[in-house]
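Inside the fold
One-letter residues, chain by chain:
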Amino acid sequence: MTMTDPLDRRAGRAIPTGEHGWNGAAGGPPVRRDPVRVTGELWRQEPGAARAPTPPGPEQQRYADHEMPYVAAPAPAPAPAPEGSAARERFADRPSSRYGPRRAHARNPKKRRRLRRALLVVLTGVVVAAGGTYGWAETRLQREVDLGAYGDRPPPGEGTNYLIVGSDSRDGLSPDAVKDLRAGGGGGRRTDSMMLLHTGANGTSMVSLPRDSWVTVPGRLDTSTGKTKRPEGDKLNAAFAYGGPELLVHTVEQNTGLRIDHYAEIGFAGFVNIVDAIGGVRMCLDRDIKDKKSGADLRKGCHTLDGKQALAFVRQRHQEKEGDLGRSRNQQKFLSTLAHQAARPNTLFDPTEIGPAMQAGLDTLIVDKDMSLRDLSGMFRAVQSVAGGHGKQINVPVSGFGVPTSKGNVLKWDAKRSARLFDDLRRDRPVTETGKSSR
C-alpha cells in the first residue's frame, strides 16, 4: 500500500508508508524514528543507534489509523550554557590520561614531581643534621653541678627558675690570651655576673643579682681548715669563691626562697668565642666608655663588638654611677642582645655559623646534673623572648649601694620589695616590681 503526503501529492511524488510513517513495511510493526534536525545545509537524521521499538502513543495511533505519516515535533532548543561552561569545554578538549580528564594541578606533572623530590631531600637532610647535632651536643654538655649538695632546699614553686652565671674562669685561655683580655689578677674562682631567669604561665622575668649584694652565706665546711663555719654576712660573690656553684645556688635559695631548677655557667673563653663565632654583637652606647681595668675603650654610638670588646664592656663598672648595679644592667642588656642575634635565621640555618657558635659555647659551659639539651634550649628561648620585648628585665630592688661593711662596700636589697618580687616569682604571678633603686 502506498500513501502520499499532501505536500508530496502536489509535487507528484509518492512515498512508501514505511519510509516516514510508523510502519517499517506494509503491515509490519511500528518503528519509532529518531527526530530530524534542521541544519543550515540539509535535512539529516541525528547520529546514533536506532532505539528499541516502542508502542505508539494515542497521538501516533491516530495518525496510523488514518494512514497518515507522523512527523515528530521539533526538539526543544538547547538551554543556554551555564556560566563557566566555555572554560570547561576548552578544558575537556585537553588530552586525558588513563585516569580520566586532565586537571589543572596535573598540567606539569614532571615539574611537580621534581619539586616534591627536592623538598623531600631537603627535609631529610634537615632531620638528619638536626638529629646528629642534637646527639653531638648532648655528649658535650658538662653536667657537673649538684644542686642539692647542701640539702635544706625550698619547696618547688610554679614555673622554672634558672641561675645563669658568668664566671672569671680562665679555662681555655692561653697566658697570652689572659694578658690580652686583661683577665688576670686575683686568685680563686669568682663570678662576674649572676642572673635569675624565671619562666612560667605569666611570662618571663630576668632578674640581675649584683655580685656585691649583701647576703647571708649559709653554714658550710671550710675546706681550707676542715672546720664548719657558721652562717655569716658576706657578698654574694663570696659564696661562689668559698664553695663553687653548689654553695652559690644554696645561698641564692636561702636568701630568695626560690628553688633553683637549673644552673648554667660560662667562663671568659666561652663568652669571647661565642661572640666571635656569630660575627659580633651590635650595641648602641649613649656615652663614651673608657676603663683601664677591663680594657673597655668605646665611643658613643652604635658598634659591632667582637669578643674582646664585649668582655671588656660587660666587666667594666668604674664608669657606672651605681657601680656594680650599673654593670648588672649592662650585662643584662648585652645577654639579651646576644641571644637575639644568635637566633637570627641567617645564623640558625647556616652551619658555618651555628656550628662554631655551639662548639664555642658547649666547650666551656657548665650545667647541673639534671640539665638536658631541651632544658638548655628552653633557657635560650626564654632569654631571647626577653630581648624581643616579651618579658621583663629588672634588678633586684636595692635600698642602698656603696654601703661600707667589714667585707667592703656592698649593695643592700630593699627587704620589703625584694621579698614581694621573689614571692611573685615563686607563685608565678605577674611581676609588678620595676627594680628601680629606692635610694
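Everything below is about the structure printed above this text.
A few points on the structure. (Residues numbered from 1 in each chain as written. Predicted model: local features only at pLDDT ≥ 70, side-chain atom pairs only at ≥ 80, totals over all residues. Heavy atoms only, no water.)

**Here we look at the overall build of the chain**
Looking only at helices and strands, the chain features 14 helices and 21 strands. Going through the 439 residues of the chain one by one, you find that 38% of them count as buried. Looking at the chain alone, contacts between residues at least 24 apart form 65% of all its contacts between residues at least 6 apart. (Helix = DSSP H or I, 4+ residues; strand = E, 2+ residues; numbered from the N terminus. Buried < 20%, exposed > 50% of the residue type's maximum accessible area, 1.4 Å probe, protein only. Contact = heavy atoms within 4.5 Å.)

**Observations concerning helix 13 (residues 373–387)**
One turn of an α-helix holds 3.6 residues; hence residues three or four places apart share an orientation. Taking 1.5 Å of rise per residue, 15 residues should cover 21 Å, and helix 13 covers 21 Å from first to last C-alpha, within 8% of that figure. Every buried residue of helix 13 is accounted for by L373, L376, G378, M379, A382, V383, S385 and V386. With its phi angle positive at about 85 degrees, G389 sits one or two positions after the end of helix 13. (Expected span 1.5 Å × (residues − 1).)

**Quick look at the pattern of salt bridges**
Following the criterion strictly, the structure yields 14 salt bridges and no others. A salt bridge links K407 to D234, with the shortest nitrogen-to-oxygen separation between them at 3.0 Å. You can see K407 sitting in the loop between strand 20 (398–405) and strand 21 (408–413) and its partner D234 sitting in strand 12 (residues 232–235), a full 173 residues away along the chain. Accessibility expressed as a relative area gives 3% for D234, which makes it buried. With a shortest N-O distance of 3.1 Å, R427 and D423 are connected by a salt bridge. Residues joined in a network through salt bridges with shared partners are R220, K229, E232, D234 and K407. (Salt bridge = Lys/Arg side-chain N within 4 Å of Asp/Glu carboxyl O.)

**So, the nonpolar core**
Here is a general trend for soluble globular proteins: nonpolar side chains tend to be buried in one another's company. One finds L197, F313 and F334 to be the most contacted residues of the largest nonpolar core, which totals 44 residues. What L197 contacts, discounting residues up to four positions off in sequence, is T160, N161, Y162, I164, T204, S205, M206, M379, A382 and V383. Within the second largest apolar cluster, 29 residues are counted, among which are V252, V398, F401 and W413. (Core = buried A, V, L, I, M, F, W, Y, C linked by side-chain atoms within 4.5 Å.)

**Structural notes on the pairing of strand 14 (residues 281–285)**
Burial along strand 14 is one-sided: V281, M283 and L285 are buried, while R282 and C284, pointing the other way, are not. As paired strands, strand 14 and strand 17 (residues 301–305) are joined by five bridges and run antiparallel to one another. Of the residues in strand 17, the one forming a bridge with R282 is T304. (Pairing = 2+ DSSP bridges.)

**So, the sheet that holds strand 6 (residues 160–167)**
With mixed pairing, the seven strands of this open sheet are ordered in space as 5-18-13-6-7-8-19. At either margin of the open sheet sits one strand with a lone partner, and together these are strand 5 (142–145) and strand 19 (391–395). On average, each strand axis in the sheet is tilted by 25 degrees relative to the strand beside it, whichever way the strands run. (Axes fitted to C-alpha atoms, helices over the stretch in contact; angles between N-to-C directions.)

**Some words on the packing of helix 10 (residues 324–342) against helix 13**
Two elements in contact, helix 10 and helix 13, have axes separated by 8 Å at closest approach and are oriented at 105 degrees. For the element pair helix 10 / helix 13, the angle class is roughly perpendicular. Counted together, L335, S336, T337, A339, H340 and A342 of helix 10 and F380, V383, Q384, V386 and A387 of helix 13 form the full contact between these two elements. Residues that form the contact of helix 10 with helix 13 fall into these classes: seven nonpolar, four polar and no charged. (Parallel < 35°, antiparallel > 145°, perpendicular 65-115°, else oblique. Nonpolar A, V, L, I, M, F, W, Y, C, P; charged D, E, K, R; others polar.)

**What about the state of the cysteines?**
Summed over the entire model, instances satisfying the criterion amount to one disulfide. A sulfur-sulfur separation of 2.0 Å characterises the disulfide bridge that pairs C284 with C302. Measuring handedness by torsion sign, the sulfur bridge of C284 and C302 sits at about 100 degrees and is right-handed. Of this pair, C284 sits in strand 14 while C302 sits in strand 17; the two residues are 18 residues apart in sequence, bridging distant segments of the chain. Classification of C284 as partly exposed rests on a relative accessible area of 40%. (Disulfide = S-S within 2.5 Å.)

**Some remarks on the side chain of T251**
By the secondary structure assignment, T251 is in helix 7 (residues 236–256). In this structure T251 comes out as buried when scored by relative accessible area, which is 0%. Beyond its immediate stretch of four places on either side in the chain, T251 contacts V215, T216, V217, P218, L236 and A239.

**Details of the pairing of strand 9 (residues 214–217)**
Across a regular strand the side chains alternate sides, sitting on one face of the sheet and then on the other. Burial of strand 9 is one-sided: the residues V215 and V217 facing one way are buried, the residues W214 and T216 facing the other way are not. Bridge count for strand 9 against strand 12 is four bridges, and the pairing is antiparallel. Within strand 12, the residue paired with W214 across the bridge is K235.

**As for the packing of aromatic side chains**
Within this structure, the stated rule accounts for three aromatic pairs. Geometrically, the ring pair formed by F271 and F334 is tilted, given 5.5 Å between the ring centres and 40 degrees between the ring planes. Within this pair, whereas F271 is found in helix 8 (residues 268–277), its partner F334 is found in helix 10, the two being separated by 63 residues in sequence. Looking at F271, the relative accessible area reads 15%, which means it is buried. For F334, a relative accessible area of 1% translates into the label buried. Grouped by ring-pair contacts, the aromatic residues F271, F313 and F334 constitute a single cluster. (Phe/Tyr/Trp six-rings, centres within 6.5 Å; stacked < 30°, edge-to-face > 60°.)

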